[in-house]
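Structural characterization, general
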Amino acid sequence: MHTGLRITAFAAALAATFGTAYGVGRGVDPVVAESEPARPAPHDEHGGSTARQPGYKGHEGQERTPPGGLQITEGGYTLDLATPRVTAGRSTELRFTVRDANGDAVTAYQREHDKELHLVLASRDLVTYRHLHPTRAADGTWSTPVDLPAAGGYRVFADFTPAGKAAENLTLGADLAVSGRYRPAPLPAPHDTARTDGYEVELAGALRPGRASELKLKVSRDGEPVNDLQPYLGAYGHLVALRSGDLAYLHVHPNGEPGDGTTAPGPEVSFTATAPSDGTYRLFLDFRHRGEVHTAAFTVRAGSAPGARESAPAATPEHTGGHGH
């Protein structure tokens with residue numbers, strides 16, 4: 001099982017419509033996409049860095065390698081989002097293709113955690129989160145139904161590794177507009193306890209910029225520790241971290257795996273993570289128990305970001321959770 005963060009190079013800018021919507025303090029106007037977003041031509045193999053080193057800041061204050069999900073094209077691969085907008089509260093088929101340097105659809109992937117590709121959707125206010133597993137057609141087109149509860153700007157992340165011995169893991173990102181009456185939501189305050197679907201999850205440890213640190217998440221239900229977590233995608237838990245502001249993507253894997261002889265099925269799931277910079281992050285833990293997958297969300301601060309972690313309510317489960325098959 002791989003430990004660490006998947007990092008990509010930085011090259012994405014927000015669409016003007018999203019910037020306008022988020023500039024409204026308490027706006028209630030519909031989000032309207034004026035035109036089809038341009039799809040970038042695939043880059044050649046020199047069009048994006050494939051370095052997979054932690055993107056923390058050096059002494060000069062610049063990130064040595066930006067984290068993942070900020071770029072639609074990297075290492076010769078492009079995320080071609082065929083459904084750039086959907087309507088809030090309405091189920092829609094989201095379709096996309098990963099294209100290679102020649103513009104051809106990629107049809108061969110390495111399986112990681114039981115899947116060829118992991119798809120994450122998150123609203124830019126980091127209140128709504130979905131971890132989905134789309135279906136790939138023979139021609140390389142991926143599709144999955146999505147039903148997002150709130151209008152606004154979203155980010156789509158495709159986490160995958162192309163087939164081939166020299167292939168590196170990539171996380172590509174693209175903007176998704178969700179139309180409807182939009183009301184911006186504040187980022188939930190930092191907290192170390194989250195409640196979801198009758199479960200309570202406690203977070204111990206600190207996320208540190210430029211330095212690996214352990215994060216432990218303890219799952220309980222009705223005051224009793226959960227000692228029988230079930231494997232989900234080959235692990236007892238999956239953790240995704242998104243940086244507030246630009247939604248830089250950090251996919252962190254657990255320390256240990258089911259059946260390794262040392263990793264217990266709860267109540268704690270341990271991760272090792274390195275934050276790419278100071279700042280505020282939103283952590284999303286997926287875990288499975290009694291045949292159902294649940295998501296617990298936390299807000300944490302890394303480094304010299306103002307304030308300290310404190311208790312606060314978690315995001316409502318209907319906005320936070322969501323899983324594909």
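Residues numbered from 1 in each chain as written. Predicted model: local features only at pLDDT ≥ 70, side-chain atom pairs only at ≥ 80, totals over all residues. Heavy atoms only, no water.

If you check an unreviewed UniProt entry, the chain appears there as DUF748 domain-containing protein from Streptomyces coelicoflavus.

Brief notes about the overall build of the chain
Of the regular secondary structure elements, the chain holds 2 helices and 19 strands. Partitioning the intrachain contacts of the chain with sequence separation of at least 6 by distance along the chain shows that 71% fall at a separation of at least 24. For the chain, the exposed area adds up to about 14,200 Å²; of that, 48% sits on carbon and sulfur atoms. (Helix = DSSP H or I, 4+ residues; strand = E, 2+ residues; numbered from the N terminus. Contact = heavy atoms within 4.5 Å. Areas by Shrake-Rupley, 256 points an atom, 1.4 Å probe, with all protein chains shown as cover.)

What to know about the sheet that holds strand E18 (residues 279-289)
Spatially, the 4 strands line up as an open sheet ordered E16-E15-E18-E19, and their pairing is antiparallel. A strand with exactly one partner marks an edge of an open sheet, and here the two such strands are strand E16 (249-252) and strand E19 (292-302). In this sheet, adjacent strand axes meet at a mean angle of 20° when their direction is disregarded. Two strands pair when backbone bridges link them, and strand E15 (residues 238-243) and E16 are joined in this way by 4 bridges, in the antiparallel orientation. The partner of Leu239 across the bridge, within E16, is Val252. (Pairing = 2+ DSSP bridges. Axes fitted to C-alpha atoms, helices over the stretch in contact; angles between N-to-C directions.)

Considering the environment of Pro184
Assignment of secondary structure puts Pro184 in the loop between strand E10 (170-179) and strand E11 (193-196). Expressed as a C-alpha distance, the spacing of Pro184 and Asp125, which sit 59 residues apart in the sequence, is 7.2 Å.

Quick notes on the pattern of salt bridges
Scanning the model with the defined rule gives 6 salt bridges in all. Between Asp80 and Arg99 there is a salt bridge, with the nearest N and O atoms lying 2.8 Å from each other. Of the two residues, Asp80 is situated in strand E2 (residues 77-81) and Arg99 in strand E4 (residues 92-99); the sequence distance between them amounts to 19 residues. Using a relative accessible area of 13% as the deciding quantity, one classes Asp80 as buried. (Salt bridge = Lys/Arg side-chain N within 4 Å of Asp/Glu carboxyl O. Buried < 20%, exposed > 50% of the residue type's maximum accessible area, 1.4 Å probe, protein only.)

Observations regarding the packing of aromatic side chains
What the rule picks out here adds up to 7 aromatic pairs. Considering the side-chain rings of Tyr109 and Phe160, the 5.8 Å spacing of their centres and the 80° angle between planes classify their relative orientation as edge-to-face. With Tyr109 in the loop between E4 and strand E5 (117-123) and Phe160 in strand E9 (residues 152-160), this pair connects stretches of sequence that are 51 residues apart. Each member of the pair Tyr109 and Phe160 is classed as buried. Every member of this aromatic cluster is reached through a ring pair, and the members are Tyr77, Phe96, Tyr109, Trp142 and Phe160. The residue whose ring lies beneath Arg221 is Tyr199, and the NZ or CZ to ring-centre distance is 4.6 Å. (Phe/Tyr/Trp six-rings, centres within 6.5 Å; stacked < 30°, edge-to-face > 60°. Lys NZ or Arg CZ within 6 Å of the ring centre and 35° of its normal.)

A look at the pairing of E10
Buried residues dominate E10, accounting for 9 of its 10 residues. Relative to E10, strand E3 (residues 85-87) runs parallel, the two sharing 3 bridges. Bridge pairing links Thr87 to Ser179 in E10.

As for the sheet that holds E2
The 5 strands are arranged E1-E2-E4-E8-E7 in an open sheet whose pairing can be described as antiparallel. If you trace the sheet from one side to the other, it starts and ends with strand E1 (73-74) and strand E7 (135-136), each paired once.

A short note on the environment of Asp228
Secondary-structure assignment places Asp228 in the loop between strand E14 (224-225) and E15. Taking the C-alpha atoms as reference, Asp228 lies 7.6 Å from Pro267; in sequence the two are 39 residues apart. The residues contacting Asp228, other than those within four sequence positions of it, are Pro265 and His289.

Quick word on the confidence of the model for the chain
Here the chain shows a mean pLDDT of 80. Residues at 70 or above account for 73%. Across residues 1-63, where pLDDT falls below 50, the model places 160 contacts with residues more than four positions away in sequence or in other chains. Note on residues 306-318: pLDDT under 50 across the span, and 35 contacts to partners over four residues away in sequence or across chains. (pLDDT = per-residue confidence, 0-100.)

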